[in-house]
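Secondary and tertiary structure notes
The primary structure of each chain is shown beneath.
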Amino acid sequence: MMSIAENIDQINSNLHANIQLVAVSKTKPAELLMEAYRNGQRAFGENKVQEMVGKYEELPKDIEWHFIGHLQTNKVKQIADWIHLIHSVDSENVAAEIQKRAEKAKRTIDVLVEVNTSEEATKFGVKPTKAMELLKFVSQFPNININGLMTIGPFTEDKDASRDSFRILKSIFDEANNVIFIKKPMIELSMGMTHDYEIAIAEGSTMIRIGTAIFGSRTININ
Ligand SMILES: *Cc1c(COP(=O)(O)O)cnc(C)c1O
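None of these values were measured; they are calculated from a predicted model.

1. Regarding helix α5 (residues 131-138)
Along α5, the positions that sit buried rather than exposed are Ala131, Met132, Leu134, Leu135 and Val138. On an axial view of α5, the arc spanned by its buried residues comes to 165°, and they lie on one face. Lining the buried residues of α5 we find β4 (85-89), α4 (92-104), β5 (109-114), β6 (144-150) and α6 (159-179).

Right, here's the structure in full:
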């Protein structure tokens, strides 16, 4: 079995310079994150606020924390001072709360809007047909910077289904940059996980979120 450091090096060796690797460390103990950290990894992704706050408090302060799970409005305040990027804005309510907490913290919070491109009922994310409306709404908040879009591809080995999902995200991205973000275009497409990141990169991903291929499989909290 390869070490965490070797896994990260292996993935990075296949990435061009403009693609960022977010190491998805959910369910994994701090010691394993430190193994990745000592190998130079600084971006970590978590999907539970409580777990991320605990790791934030314990681990070095130059880590960039990415929140990739479903964000409840009542938890935004716990991360507002230090969160690096929220990947999962999918409602007006959560955006309004992020605005409020960012203003209190006297900062701008970078976010991605999550789109449910596979339209699987169990997934969070705004529907593709509602994405433009949400982007317009969120773009009016002075303390929120919309860096781009995020999607979770379908849970399948069907490469065509994955590709379709990523193309939908890219087409919304292009449309919104032409219509809403004319002065300051969005730059990030967060798409691609262990099973589908090569397809995501071919379709224009700028940020891949990899858990299993770095830390091994998870026994709990699959999502
Ligand atoms: C768990 C998770 C990942 C990483 O999944 P792997 O298949 O382990 O690479 C990526 N994105 C999100 C939103 C996740 O919840």
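Additional details are given in the paragraphs that follow.
2. Some words on the site of the ligand
The full set close to the ligand counts 12 residues, and Lys26, Thr194, Arg209, Thr212 and Arg218 are the nearest of them. In the environment of the ligand, a nitrogen atom lies 2.8 Å from a nitrogen or oxygen atom belonging to the side chain of Arg209. The side chain of Thr212 places a nitrogen or oxygen atom 2.6 Å from an oxygen atom of the ligand. Calculation on the ligand without its partners gives an accessible area of 380 Å², and the protein chains cover 93% of this total. Class assignment of the residues belonging to the shell around the ligand gives a composition of 5 nonpolar, 4 polar and 3 charged.

3. Observations regarding the packing of α5 against α6
Close contact between α5 and α6 brings their axes to 11 Å; oriented N to C, the two are set at 45°. Considered as vectors, α5 and α6 are oriented oblique to each other. The element α5 and its partner α6 pack so that their crossing is right-handed. Listed contacts from α6 to Ala131, Met132 and Leu135 of α5 are Ile172, Glu175, Ala176 and Val179. Residues of the contact of α5 with α6, tallied by class, amount to 6 nonpolar, no polar and 1 charged.

4. Overview of the pairing of strand β2 (residues 43-46)
In β2, alternate side chains face the same way, and those of Ala43 and Gly45 on one face and Phe44 and Glu46 on the other are all buried. In terms of handedness, the path from strand β1 (residues 20-24) via helix α2 (residues 30-38) over to β2 forms a crossover that is right-handed. In this structure, β2 lies alongside strand β3 (residues 64-67), joined through 4 bridges in parallel fashion. Paired with Ala43 across the two strands is Glu64, which belongs to β3. Once you follow β2 into helix α3 (residues 49-58) and on to β3, the crossover reads as right-handed.

5. Some remarks on the packing of aromatic side chains
Scanning all chains against the criterion turns up 3 aromatic pairs. Consider the rings of Tyr56 and Trp82, whose centres lie 3.9 Å apart with planes at 5°: the pair is stacked. Of this pair, Tyr56 sits in helix α3 while Trp82 sits in the loop between β3 and β4; the two residues are 26 residues apart in sequence, bridging distant segments of the chain. Note on Trp82: relative accessible area 18%, which makes it buried. Here the aromatic rings of Phe137 and Phe141 are separated by 5.4 Å at their centres, their planes lie at 85°, and the arrangement is edge-to-face.

Conventions used here
Numbering of residues starts from 1 in each chain and follows the order in which that chain's sequence is written. Where local features are concerned, this predicted model is filtered to residues with pLDDT of at least 70; where side-chain atom pairs are given and counted, the filter is 80 or more; whole-chain, interface and lining totals use all residues. With hydrogens and water set aside, each side-chain value is computed from the structure's full complement of heavy atoms. A simple rule labels every residue: compare its accessible area, found with a 1.4 Å probe on the protein chains alone, to the largest value its type can have, and call it buried under 20%, exposed over 50%, or partly exposed in between. Secondary structure is summarised from DSSP: a helix means a run of H or I of at least four residues, a strand means a run of E of at least two, and numbering begins at the N terminus for each. To obtain the arc, one takes the directions from the helix axis to the C-beta atoms. In what follows, a contact means two residues having at least one pair of non-hydrogen atoms within 4.5 Å. Any residue with at least one heavy atom within 4 Å of a molecule or strand is counted as near it. Whenever a nitrogen or oxygen atom comes within 3.5 Å of another N or O atom, the pair is scored as a polar contact, on the condition that within protein one atom can donate a hydrogen and the other can accept it, and that pairs from neighbouring residues in sequence are kept only if both atoms are in side chains. Each accessible area value is a Shrake-Rupley result obtained with a 1.4 Å probe; residue values ignore everything except the protein chains displayed when judging cover. In this count, Pro and Cys sit with the nonpolar residues alongside Ala, Val, Leu, Ile, Met, Phe, Trp and Tyr, while Asp, Glu, Lys and Arg are called charged and the others, Gly among them, polar. To define axes, lines are fitted to C-alpha atoms, for helices over the stretch in contact only, and angles between the resulting N-to-C directions are given on a 0 to 180 degree scale. Working definition: roughly parallel below 35 degrees, roughly antiparallel above 145 degrees, roughly perpendicular at 65 to 115 degrees, and oblique for all remaining angles. Each helix crossing is assigned a hand: it is left-handed if the near helix lies turned anticlockwise from the far helix by less than a right angle, otherwise right-handed if that turn is clockwise. When the strands point away from the viewer, a crossover counts as right-handed if the route from the first strand across the helix to the second turns clockwise. What makes two strands pair is DSSP finding at least two bridges between them. Side-chain rings of Phe, Tyr and Trp, where Trp is taken by its six-membered ring, are said to pair if the distance between their centres is within 6.5 Å; with planes under 30 degrees apart they count as stacked, over 60 as edge-to-face, and otherwise as tilted.

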